[in-house]
Amino acid sequence: MQGKLYMLKIVTVDHVNIAKEDSNLNLWHYRYGHLGMDNVNKLMKGEMVQGMDCVMDGGSDSVCEGCIMGKQHRTKYPSGVAKRATEPFELVHSDVCGPMSVNSIGGSV
């Protein structure tokens, strides 16, 4: 600590992570954070990504479970059903968790 600031020691590295070339269009869809297939095709056709030599293998017709789950909607919470508290501590909400059986990264229980 110097003054009121904490100083960080930053280590630089001389390498980066790279992905191996793959011709699976769905894999590129996953790599780009579930980017829409139309946009993945634009990246491929425009040769914007080095090593992205794919063949159309269903493209937009393929089903991605992660995309389906991410687009699901919850039903609305019913209004007027819950009882309104009239006195303090008549209705108490709490988050309960534990005991935790997994050690933290630092080894604490």
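Here's what I pulled together on the structure shown here. Computed from a predicted model, the values in this text were never measured in an experiment.

As for the environment of lysine 83
By secondary structure assignment, the location of lysine 83 is in the segment after helix H3 (65–70). Lysine 83 sits in the exposed class, given a relative accessible area of 59%. Those residues in contact with lysine 83 that lie beyond four places of it in its chain are Glu90 and Leu91.

Quick word on the packing of aromatic side chains
Per the stated rule, a full pass over the model turns up 1 aromatic pair. Considering the side-chain rings of tryptophan 28 and tyrosine 32, the 6.2 Å spacing of their centres and the 25° angle between planes classify their relative orientation as stacked. The residue whose ring lies beneath arginine 31 is tryptophan 28, and the NZ or CZ to ring-centre distance is 4.7 Å.

Description of helix H2 (residues 37–45)
Within the sequence span of H2, burial applies to Met37, Val40, Asn41, Leu43 and Met44. Relative to the axis of H2, the buried residues are bounded by an arc of 155° and lie together on one face. When the buried face of H2 is taken as reference, the exposed residues oriented beyond 90 degrees from it are Asp38, Lys42 and Lys45. Taken together, the buried residues of H2 touch helix H1 (25–31).

A look at the side chain of histidine 29
Structurally, the position occupied by histidine 29 is in helix H1. Assessed through its relative accessible area of 5%, histidine 29 is described here as buried.

Description of the state of the cysteines
Put plainly, two cysteines are in a disulfide when a covalent bond ties their sulfur atoms together. In the structure shown here, the tally under the stated rule is 0 disulfides. Cysteine cysteine 64 shares no disulfide, and the gap to the nearest cysteine sulfur, in cysteine 67, comes to 3.6 Å.

Thresholds, definitions, all that
- Residues numbered from 1 in each chain as written.
- Predicted model: local features only at pLDDT ≥ 70, side-chain atom pairs only at ≥ 80, totals over all residues.
- Heavy atoms only, no water.
- Helix = DSSP H or I, 4+ residues; strand = E, 2+ residues; numbered from the N terminus.
- Buried < 20%, exposed > 50% of the residue type's maximum accessible area, 1.4 Å probe, protein only.
- Contact = heavy atoms within 4.5 Å.
- Phe/Tyr/Trp six-rings, centres within 6.5 Å; stacked < 30°, edge-to-face > 60°.
- Lys NZ or Arg CZ within 6 Å of the ring centre and 35° of its normal.
- Arc of directions from axis to C-beta.
- Disulfide = S-S within 2.5 Å.

Honestly, it's all geometry; don't read function into it.
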